[in-house]
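These are the residues of each chain, in order.
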Amino acid sequence: MRRSHVRTTCLAATALLTALCAAPGSAEARELPDTYVVSREPGVLPEGITIARDGTMYVSSDGTGALYRGHIGDPALRPFPAHGLEDRPSSLGVHTDRRGRVLSVGGATLTVHDRHGRLLATRTAVAGPLGAPDLNDLVVTKDAVYVTDWANPVIHRAVVRNGALGPLEPWLDIRGAFPQFPAQYWLLNGIVANEDGTALLVASNGTEAVWRIGTADKQVEQLRLGEESFGPDGMVLRGNTLYAVLNYGAPHGVYIAELDDDLRTGTVTHRITGKPFDLPTTLARHGCRLYVVNSQLDQPPGRPPYTVTAVDDPTCETP
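Residues numbered from 1 in each chain as written. Predicted model: local features only at pLDDT ≥ 70, side-chain atom pairs only at ≥ 80, totals over all residues. Heavy atoms only, no water.

Turning next to the overall build of the protein chain. Looking only at helices and strands, the protein chain has one helix and 25 strands in total. The buried share among the 319 residues of the protein chain stands at 58%. Total accessible area on the protein chain is roughly 13,100 Å²; 49% of this is exposed by carbon and sulfur atoms. (Helix = DSSP H or I, 4+ residues; strand = E, 2+ residues; numbered from the N terminus. Buried < 20%, exposed > 50% of the residue type's maximum accessible area, 1.4 Å probe, protein only. Areas by Shrake-Rupley, 256 points an atom, 1.4 Å probe, with all protein chains shown as cover.)

Averaged over the protein chain, the pLDDT score is 90; the fraction of residues at 70 or greater is 90%. Counting contacts from residues 3–29, a segment whose pLDDT is below 50, to residues more than four positions away or on other chains yields 63 contacts. (pLDDT = per-residue confidence, 0-100. Contact = heavy atoms within 4.5 Å.)

On to the sheet that holds strand β3 (residues 56–61), then. Strand order in the open sheet formed by four strands is β2-β3-β4-β5, and the pairing between neighbours is antiparallel. Only two strands of the sheet have a single neighbouring strand rather than two, namely β2 (46–51) and β5 (78–79). Sheet topology note: the β3/strand β4 (residues 67–71) ladder contains five bridges and is antiparallel. Considered in β4, the bridge of Ser 60 is made with Leu 67. (Pairing = 2+ DSSP bridges.)

This structure, assessed with the given rule, holds one disulfide. Across a sulfur-sulfur distance of 2.0 Å, Cys 288 and Cys 316 are joined as a disulfide pair. The disulfide joining Cys 288 to Cys 316 has a torsion of about -100° about its S-S bond and is therefore left-handed. Here the residue Cys 288 occupies a position in the loop between β23 (280–286) and β24 (289–294), and Cys 316 occupies one in the segment after β25 (306–312), the gap between them amounting to 28 residues. In terms of burial, Cys 288 and Cys 316 fall into one category: buried. (Disulfide = S-S within 2.5 Å.)

Quick look at the pattern of salt bridges now. Per the stated rule, a full pass over the model turns up eight salt bridges. One salt bridge connects Asp 34 with Arg 289, and the closest N-O pair in it is separated by 3.8 Å. Highlighted residues: Asp 34 in the loop between α1 (27–30) and β1 (35–39) and Arg 289 in strand β24, separated in sequence by 255 residues. A relative accessible area of 52% places Asp 34 in the exposed class. Residue class for Arg 289 comes out buried when judged on its relative accessible area of 5%. Close ionic contact of Arg 264 with Glu 221 constitutes a salt bridge, the shortest N to O distance being 2.9 Å. On the criterion of sequence distance, the pair formed by Arg 264 in the loop between β21 (253–259) and β22 (266–272) and Glu 221 in strand β18 (residues 220–222) is long-range, its members being 43 residues apart. (Salt bridge = Lys/Arg side-chain N within 4 Å of Asp/Glu carboxyl O.)

Here the focus is the side chain of Thr 241. Tracing the backbone through its elements, the reader meets Thr 241 in strand β20 (residues 241–246). In this structure Thr 241 comes out as buried when scored by relative accessible area, which is 10%. Here Glu 258 takes part through its side chain, which lies 2.9 Å from a polar atom of the side chain of Thr 241. When residues no more than four places from it in sequence are discounted, the contact partners of Thr 241 are Val 236, Ile 256, Ala 257, Glu 258 and Thr 315. (Polar contact = N/O pair within 3.5 Å; in protein donor to acceptor, adjacent residues only side chain to side chain.)

Quick look at the structure:
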């Protein structure tokens, strides 16, 4: 979930658990805030977001490396006391696992914190074929954590055994799927997995595409969405429904696609682009609402307050 404007070499780029849905526009949905203030301090530049089962929201800061925490029922977030991030100038992808632990990435490190902010683990990625790693986003499956690298066409993996996180190691050089494409332009971004962890979907700003990867055989193929150019930033996968944020090269907003059971083809069914998004980078889903980060990364350091915008999920069915 990286700011595309920072990389002038970029081409014209363009696990989430749910509660019972309230119908879009219902009284329950209207009682929740439409806007959440991440911070009023200058230079925060929010980037990643995740929401736990109980409605706890975590947002990362590209500008400072800090994490912020709040709840979907409260419009104001506060700094999350995550120890061990003092030397990480940027935090991007952030997710929680089934134990409620908070995993986040930035620079070369993957960190794990408990819900109180105590540092449980730090894993450091090694340099890739193009140099130092720039970890961008992550997805947590039942047996591994997979991490994208903005600076290298590499997906890193840390195996999870009995709740313990192994070393973060290069797992796949994705160039084999499209060898004629220059390595420095892959620009790997958001990453999601199906429920059983057998397939990953990885966004590539450089190729303006989403790539499907089998975790058993490492087979890589492009997700086919008709003739539409589709180079997302952050993504969420719920069943066969893919939620993706598009920004550069496309009207800013949320694009929703319905995919086949194998996650190989699909159709874009909804576009939410008329909302007051301010360079959105990624999103989370909770209940029948989508929570979209307004990064302001196109004009750093932006202007406080830095916010998250909530919109109704148009795929939710009215009871």
